[in-house]
Amino acid sequence: MTNDRSEFYILLLLLLYLIVFVQIFSRKTSSSIILVEIAALMLNFIYGVTFVYPLYFGFTDILPHIHYATIIAESGNTLPESMIFYSKFPLYHILVAATAHIMNMNITNSLFLITAPVFVVVLLFIYMLYYLISNNKQISLLSCLVYSWSSEILFHGTYMVTRVFAFVFFIILFYLLYRINVDTNISNNISNNISNNIRSSISNNIRSSISNNIRSSISDSINNSTTNRYLKFLTLLFVFSIVLAHQVSAAQISILFIMFLICEYLSNDHGYISATFVVFFNVFFISYWIYGAYGFTSEVVGQHLTSLFYKDSFIMQYNINSILNENLLNLLFSNLDVYVSLFFALIGVKYLISYQRSKSKGAFGLFSLACFMLYFPSPLKLLWKTMELLQFDRFSLFVFPFIALSVGVGIYIVIKSLFTDKLKTLCCIAVFLIPLFFSFVSITNSNTNSNFIYEDGPRNYFTQQEIDGFNYLDSYASSESCVLSDYFSQRYFLALTSKDYLCFNYLNSSEIPGSVNYTCNYFYVRDKAFEKDGLYFGVPNTEQLYTSSPSDYQNNSLNNIMFTKNKIYSNSYADLYLNCKYSDYLNQSVNIDSDKNVLNKSIEGAF
């Protein structure tokens, strides 16, 4: 039985996106209702992934985060100092552990339950930011819809790890900064108007009427000043939250702030993001790295800086090979939404830069244009030093809200330009095709096992039978054992088992380093996944995709202990093999689904 969602579910989502799209262009547009609908669609998709599959793991970082949150929940303390990567950045894991206690749930369900609404709530701040920039409800709502159906956002909604947590704080922080400076500009304008009114007053009657306006203006100015104090306090709170949520996101966010300051300077528009704040932000997170998280800084940042200047590798050769070996049709379809987004984004950027010569829109237009190199395919994504070392691939999430704004503006302009008597039919077709196309391609490219048009590698969730196999191995293997498995299974063994195994994602036990001492060699293979989509094996960070085809057996590329007499566990989705001096006792294949007693007797006799 498969847990994959049906084509009917995907088509239903497409229909709902189309309904929301049409509502945006209707005469009576209720922003609050449409925002609720978009948020509901996002939650439906996220929970439709995380709670449908027995254990969804995305790119596998979810697995160690479950482990870290479990430690906090069971001990009541933050992570020990030995876990240098996250011991000083505990905000995410504390949230998950606290939710588990409050809701009386296990950590896995707690993580998926609480992170989805936290991720979706940012939609409200994105809408308010878009409205401050465009002063147009339709553009703001359309950009929010583009944001919500993006494959980048759909995937990270299901895969909300610590850096995605920092992304949520970043968007809220950016809105607060922009709002503070907008209110400040309004207060300054009010003060200038008061001065001008006083100077221009001539008679007593005019002074009397103007005094009422002055009182009203002063009242508005005081209200704005009070509001700004609260907003500045929240700004500081979210700065602390970003630094405590993820180790390196603060540095990447700092780069984006600096880029925006440069765009403001080039557009001759200053004051929407304060340079003083950017300096404070950098001083704060660097100080925390040095004085609060020195273990992380010396271990990780030091190594990265050394590699940055002395590493010989320059071009990501394995990325180039993967592109050359990729099926051309699959490669085209998997990036189709990106190509079409680029077309609309260019239209939107031109509009933002030139529309009524509005400087604030020009700054955002330039910033969106600068974000193109961090989101769309570019030479930067072929360089090892930018992608692997400096993690430029993670910028895609941080910059996408600004890309979504330019895409939304571009779609709005195209639709409005078609609203003529001569092109009315073409406009109606566009209204239907644009949301259907974008949402369909984005959903199928979201890396959430929605690819029913083409195959896109191994699935990123475990079935219940595979989890049963993990638990069985954890029950019978000793801590000194060596476990060989695919990359995804290896991540599970390292994070969610009760014993410390020597884990390698090799196909052959002969590849185990000679310096490694172990008592038994286990090989855990997920048969169904191996046969259908293939599994990743190989040296870390350069894993190759292998499938269990007849040629693999003939070429001896499969593990050399995969014989019937070595099989100690089997179900419909996974097999477990044992290679040690006791394996001679296990001279028959035992199927756990059909005869658990025979298996238990065999194990007892062997050990």
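Worth saying up front: this structure is predicted, and the values here are computed from it rather than measured.

Caption draft 1: Looking closely at the overall build of the chain. The helix and strand tally for the chain stands at 25 helices and nine strands. Across the 607 residues in the chain, those meeting the buried criterion constitute 51%. Counted over contacts in the chain with a minimum sequence separation of 6, partners at least 24 positions apart contribute 72%. By element, 59% of the accessible surface of the chain is carried by carbon and sulfur atoms, the whole surface being about 28400 Å².

Caption draft 2: Broad picture of the nonpolar core. One finds F119, Y147, F170, F257, F281 and I411 to be the most contacted residues of the largest nonpolar core, which totals 163 residues. A per-element tally of this core places helix 9 (residues 162-200) first, with 17 residues. When sequence neighbours within four positions are dropped, the list of residues in contact with Y147 reads M42, F119, V122, L123, I126, I153, F167, F400, P401 and A404. Core analysis: the second largest hydrophobic core is formed by 12 residues, L484, F504, Y506 and A529 among them.

Caption draft 3: Region of the structure containing the sheet that holds strand 8 (residues 567-570). Read from one edge to the other, the open sheet built from five strands follows the order 4-3-5-9-8, with strand pairing classed as mixed. Edge positions in the sheet fall to strand 4 (502-504) and strand 8, since each has one partner strand and no second. Neighbour-to-neighbour, the strand axes of this sheet turn through a mean angle of 20 degrees, independent of strand direction. Across three bridges, the pairing between strand 8 and strand 9 (residues 575-579) is antiparallel. Counted as the bridge partner of Y569 is L576 from strand 9. Sheet strands in contact with helix 21 (residues 464-476) are strand 3 (482-484), strand 5 (521-525), strand 8 and strand 9, and its direction is about 170 degrees off that of strand 5.

Caption draft 4: Looking closely at the packing of helix 2 (residues 31-50) against helix 5 (residues 107-120). At a minimum axis distance of 10 Å, the contact between helix 2 and helix 5 shows a crossing angle of 155 degrees. Judged on the interaxial angle alone, helix 5 and helix 2 are roughly antiparallel. Where helix 2 crosses over helix 5, the two elements pack in a sense that is right-handed. Counted together, A39, M42, L43, I46, Y47 and T50 of helix 2 and F112, L113, A116, P117, F119 and V120 of helix 5 form the full contact between these two elements.

Caption draft 5: Representation of the packing of aromatic side chains. A complete count under the given rule lists 63 aromatic pairs for this structure. Arranged with centres 5.9 Å apart and planes meeting at 65 degrees, the rings of F125 and Y175 form a pair that is edge-to-face. Of this pair, F125 sits in helix 6 (residues 122-134) while Y175 is found in helix 9, placing the two residues 50 residues apart along the sequence. Residue F125 is classed as buried on the basis of its relative accessible area of 19%. On the basis of relative accessibility, which here comes to 6%, the residue Y175 falls in the buried class. The ring of Y461 has R459 lying over it, and the distance from NZ or CZ to the ring centre is 5.0 Å.

Caption draft 6: Quick peek at the pairing of strand 5. With five of its five residues buried, strand 5 lies for the most part within the structure. Neither face of strand 5 is open: one carries N521, F523 and V525, the other Y522 and Y524, and all of them are buried. Bridging between strand 3 and strand 5 involves three bridges; their strand directions are parallel. Looking at the pairing, C482 lines up with N521 of strand 5. With five bridges connecting them, strand 5 and strand 9 associate as antiparallel partners. Bridging across to strand 9, V525 finds its partner in D575.

Caption draft 7: Seen up close, a nonpolar patch on the surface. Taken together, F8, L12, L15, L16 and I19 make up a surface patch of nonpolar side chains, about 470 Å² in accessible area. Mapped onto the elements of the fold, F8 is located in helix 1 (residues 7-24). Look at F8 and you get exposed, because its relative accessible area is 62%.

Caption draft 8: Structural detail: the pattern of salt bridges. One pass over the full model with this rule turns up six salt bridges. Between R459 and E466 there is a salt bridge, with the nearest N and O atoms lying 2.6 Å from each other. In this structure, D575 engages K567 in a salt bridge whose closest nitrogen and oxygen atoms are separated by 3.7 Å. As far as the burial class goes, D575 and K567 line up, both buried.

Caption draft 9: Highlighting helix 7 (residues 137-149). Under the 1.5 Å per step criterion, the end-to-end length of helix 7 is 18 Å for 13 residues, consistent within 8% with the ideal 18 Å. The buried fraction of helix 7 amounts to 12 of the 13 residues, a majority that puts the element mostly inside the structure. Residue N136 occupies the N-cap position of helix 7, its side-chain oxygen lying 2.9 Å from the main-chain nitrogen of Q138.

Caption draft 10: Fine view of helix 4 (residues 91-103). With 13 residues, helix 4 extends 18 Å from end C-alpha to end C-alpha; this agrees with the ideal 18 Å at 1.5 Å per step. Every buried residue belonging to helix 4 is among Y92, H93, V96, A97, T99 and A100, and all of these are buried. Taken around the axis of helix 4, the buried residues stretch over an arc of 155 degrees, which confines them to a single face. Those residues of helix 4 that are exposed and aimed more than 90 degrees away from the buried face are H101 and I102. With its phi angle positive at about 55 degrees, N104 sits one or two positions after the end of helix 4.

Caption draft 11: Layout of unusual backbone geometry. In the Ramachandran plot, N104 falls in the positive-phi region, its phi being about 55 degrees despite a non-glycine side chain. Here N104 is to be found in the loop between helix 4 and helix 5. What makes N104 exposed here is its relative accessible area of 72%. One non-glycine residue, N135, adopts positive backbone phi at about 55 degrees.

Caption draft 12: Seen up close, the side chain of T297. With respect to the element layout, T297 can be found in helix 13 (residues 294-310). Its relative accessible area of 14% is what places T297 among the buried residues.

Caption draft 13: Structural detail: the confidence of the model for the chain. Here the chain averages 78 in pLDDT, while 71% of its residues score no lower than 70. Contacts of residues 553-557 to residues separated by more than four positions or lying in other chains number six contacts, the stretch itself having pLDDT below 50. A low-confidence stretch, residues 581-592 stays under pLDDT 50, and its non-local contacts, those more than four residues away or across chains, total 29 contacts.

Cut-offs and rules
- Residues numbered from 1 in each chain as written.
- Predicted model: local features only at pLDDT ≥ 70, side-chain atom pairs only at ≥ 80, totals over all residues.
- Heavy atoms only, no water.
- Helix = DSSP H or I, 4+ residues; strand = E, 2+ residues; numbered from the N terminus.
- Buried < 20%, exposed > 50% of the residue type's maximum accessible area, 1.4 Å probe, protein only.
- Contact = heavy atoms within 4.5 Å.
- Areas by Shrake-Rupley, 256 points an atom, 1.4 Å probe, with all protein chains shown as cover.
- Core = buried A, V, L, I, M, F, W, Y, C linked by side-chain atoms within 4.5 Å.
- Pairing = 2+ DSSP bridges.
- Axes fitted to C-alpha atoms, helices over the stretch in contact; angles between N-to-C directions.
- Parallel < 35°, antiparallel > 145°, perpendicular 65-115°, else oblique.
- Left-handed = near helix turned anticlockwise from the far one by under 90°.
- Phe/Tyr/Trp six-rings, centres within 6.5 Å; stacked < 30°, edge-to-face > 60°.
- Lys NZ or Arg CZ within 6 Å of the ring centre and 35° of its normal.
- Patch = residues over 30% accessible without salt bridge, like charges linked within 9 Å, V, L, I, M, F, W, Y side chains within 5 Å.
- Salt bridge = Lys/Arg side-chain N within 4 Å of Asp/Glu carboxyl O.
- Expected span 1.5 Å × (residues − 1).
- Polar contact = N/O pair within 3.5 Å; in protein donor to acceptor, adjacent residues only side chain to side chain.
- Arc of directions from axis to C-beta.
- pLDDT = per-residue confidence, 0-100.

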